[in-house]
Amino acid sequence: MALLPILRYPDSRLHKVARPVEAVDARIRSLIADMFETMYDAKGIGLAATQVDVHERLIVIDTSEERNEPLVLINPELVWASEERLKGDEGCLSVPGIYDGVERAARVKVRALDAEGRSREIEAEDLLAVCIQHEMDHLMGKVFVQYLSPLKQGRIKTKLLKQEKQEKQERREHQESA
């Protein structure tokens, strides 16, 4: 297993639409393991393959407190979404330190393949439903920031670019002093 680099907004690769996974094979199972390791290390509850620069329809999720309920969704399809909506603060591993309100369906039903390639349907509500919708957006090339006003989007982009520039400078200074 290996930690994978997570793309950060506004990286254009986050806006690529993912293609279907053609076969659930050893490569995909290895990617799943790496994605879980990366997500847990980053203290996240969901990660789409798009976020690690793999543009295939694969999501890993674990919303449990104990971090012991891994969920794998390969080629997920939204079968049903409730009319009832929830608006809550969302964050994203690709948009570190930023949280803002996004409205989502309160309950969803999704059809997907699991890590063994078996088809299954999952009914989810509340946090899990929100997480599934958030991660499925990534597979469509959409980041939660895009639900916000243009003013907020601009501020977030500026803040993250400034943060990235600062981190690069700190790395450079660290390398020079080593």
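You'll find the structure just up there.
So, here is what we can say about the structure in this document. (Residues numbered from 1 in each chain as written. Predicted model: local features only at pLDDT ≥ 70, side-chain atom pairs only at ≥ 80, totals over all residues. Heavy atoms only, no water.)

Within the protein, the regular secondary structure consists of three helices and seven strands. Tracing the protein from N to C terminus, the helices and strands come up as α-β-β-β-β-β-β-β-α-α. For the protein, the C-alpha radius of gyration of 17 Å lies close to 16 Å, the compact-globule estimate for 178 residues. Once the C-alpha set of the protein is aligned to its principal axes, its extents read approximately 55 × 40 × 30 Å. The buried share of the protein, reckoned over its 178 residues, is 40%. Long-range contacts, defined as pairs at least 24 residues apart, comprise 65% of the intrachain contacts of the protein with a sequence gap of at least 6. (Helix = DSSP H or I, 4+ residues; strand = E, 2+ residues; numbered from the N terminus. Rg over C-alpha atoms; globule rule 2.2 N^0.38 Å. Buried < 20%, exposed > 50% of the residue type's maximum accessible area, 1.4 Å probe, protein only. Contact = heavy atoms within 4.5 Å.)

In this fold, V130 is placed in helix α2 (residues 126-139). Relative accessible area serves as the criterion here: at 16%, V130 is assigned to the buried category. With residues near it in sequence (within four places) discarded, V130 still touches L86, E90 and R104.

Bridge count between strand β4 (residues 85-92) and strand β5 (residues 95-105): seven bridges; the pairing is antiparallel. When the bridges of β5 are listed, E90 appears paired with D100. The hairpin formed by β4 and β5 contains two residues between the paired strands. (Pairing = 2+ DSSP bridges.)

The next subject is the nonpolar core. Core analysis: the biggest nonpolar cluster contains 17 residues, and I59, I61, L73, V108 and I132 have the highest contact counts within it. At the level of elements, β2 (58-61), β3 (71-81), β6 (107-113), β7 (119-125) and α2 are the ones that each hand at least two residues to this core. Filtering out sequence-adjacent residues up to four positions away, I61 remains in contact with F36, M39, I45, G46, E69, P70, L71, L73, L128, C131, I132 and E135. (Core = buried A, V, L, I, M, F, W, Y, C linked by side-chain atoms within 4.5 Å.)

Right, let's talk about unusual backbone geometry for a bit. With an omega of 15°, the peptide bond between Y9 and P10 qualifies as cis. On the secondary structure map, P10 appears in the segment before α1 (26-41). One non-glycine residue, N75, adopts positive backbone phi at about 50°. Looking at where N75 falls in the secondary structure, it is placed in strand β3. Phi at D126 is positive, roughly 55°, even though this residue is not glycine. Positionally, D126 belongs in helix α2.

This paragraph deals with the sheet that holds β7. Spatially, five strands are ordered β1-β2-β3-β6-β7 in an open sheet, and the strand pairing comes out antiparallel. Each edge of the open sheet carries a strand with a single partner, namely β1 (46-48) and β7. In this sheet, adjacent strand axes meet at a mean angle of 40° when their direction is disregarded. Pairing analysis gives four bridges linking β2 to β3, with the strands arranged antiparallel. Along β3, the bridge assignment pairs I61 with L71. Lying on the sheet, α1 is in contact with β1, β2 and β3; it crosses β2 at an angle near 40°. Contacting β1, β2, β3, β6 and β7, α2 crosses the sheet at an angle of about 150° to β2. (Axes fitted to C-alpha atoms, helices over the stretch in contact; angles between N-to-C directions.)

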